[in-house]
Amino acid sequence: MTINFFNLITDTVKTALAEDVGSGDITARLIADHQQAKATVITREQAIIAGKPWVDEVMSQVDPGIEITWLVEEGASVAAGTELFTCSGKAASILTAERTSINFLQTLSGTATITRYYADLIGHTSAKLLDTRKTIPGLRLAQKYAVSVGGGLNHRVGLFDAFLIKENHILAAGSIAAAIEKARTLAPELRLEIEVESLAELDEALHETPDWIMLDNFSLSDLRLAVAKSPANVLFEASGGIEGEDELIAIAETGVDFISMGAITKNCRAIDLSMRLHSQ
């Protein structure tokens, strides 16, 4: 499934502005309506920049008259002190848009930055870094976009676009075979992935030839044994609380196809950004 990262951007920004601006920016009313200004946004630390479309949409919704000039490309690696963009227009409008626009940019850049860091750690292997559904509520598509900017790959968007049959699904269905058979009957066109927790379960799953198999909390030795069993038409994904650098590298070197990490979206730290206003 191709993800349209931008199909919810208007509503996402509208919601963000509603919670921040509410009935109106009372402090901005201190500034004369005709007062013009220019502002520059800088980063105070190294980062991979992601989120330009969200910034543009915030500025547009607050005041279409705000003019933005981007000084860096999306996905650029920038050093501390780099100027990211300038904007000019009504001073009151710029200040109203400041926090929401920076919130999007710092959060998505944080996601892209940590993704790039981990993706580079395993760049010498064939394993690819995947995101998960452990995202900030309301920002799933935005964060998955940032993951892609950072060099990671997107797993399923939600519960609707691919099967991921886990332990409780198997228990409720009766068996691995029964769960897979039902999934193929319901939606044969969707990717079918099943989670296994042991080599014995792996053998059961391989007999049914799903598209992907998630190896949940496998030891390094069991991951190697699993990869040795891997047929060409089944992809293997390692998962399960992977956060440490050494652990990530060691898992990638076992030969798995994918490694999914909730940390790149749920543990991301926002990049420190700052806006400087210059009156005109």
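Residues numbered from 1 in each chain as written. Predicted model: local features only at pLDDT ≥ 70, side-chain atom pairs only at ≥ 80, totals over all residues. Heavy atoms only, no water.

J.: What's the story with the side chain of Gln-106 in this structure? I'm lost.
T.: Turning to its location among the elements, Gln-106 is positioned in helix H3 (residues 91-121). You can call Gln-106 buried: its relative accessible area is 15%. A polar side-chain atom of Gln-106 sits 3.4 Å from a polar atom in the side chain of Asn-103. With near-sequence residues (within four places) excluded, Gln-106 lies in contact with Arg-99, Ala-270, Ile-271 and Leu-273. (Helix = DSSP H or I, 4+ residues; strand = E, 2+ residues; numbered from the N terminus. Buried < 20%, exposed > 50% of the residue type's maximum accessible area, 1.4 Å probe, protein only. Polar contact = N/O pair within 3.5 Å; in protein donor to acceptor, adjacent residues only side chain to side chain. Contact = heavy atoms within 4.5 Å.)

J.: Can you help me understand the packing of H3 against helix H4 (residues 140-149) in this one?
T.: A pair of packed helices is characterised by two quantities: the angle between their axes and the separation of those axes. Following both chains from N to C, one finds H3 and H4 inclined at 40 degrees, their axes separated by 7 Å at the closest point. Viewed along their axes, H3 and H4 adopt a mutual orientation that is oblique. Classified by chirality, the crossing of H4 by H3 is right-handed. Where H3 approaches H4, its residues Leu-108, Thr-111, Ala-112, Thr-115 and Arg-116 are matched on the opposing element by Ala-142, Gln-143, Ala-146, Val-147 and Val-149. Here the contact of H3 with H4 is built from residues that sort into six nonpolar, three polar and one charged. (Axes fitted to C-alpha atoms, helices over the stretch in contact; angles between N-to-C directions. Parallel < 35°, antiparallel > 145°, perpendicular 65-115°, else oblique. Left-handed = near helix turned anticlockwise from the far one by under 90°. Nonpolar A, V, L, I, M, F, W, Y, C, P; charged D, E, K, R; others polar.)

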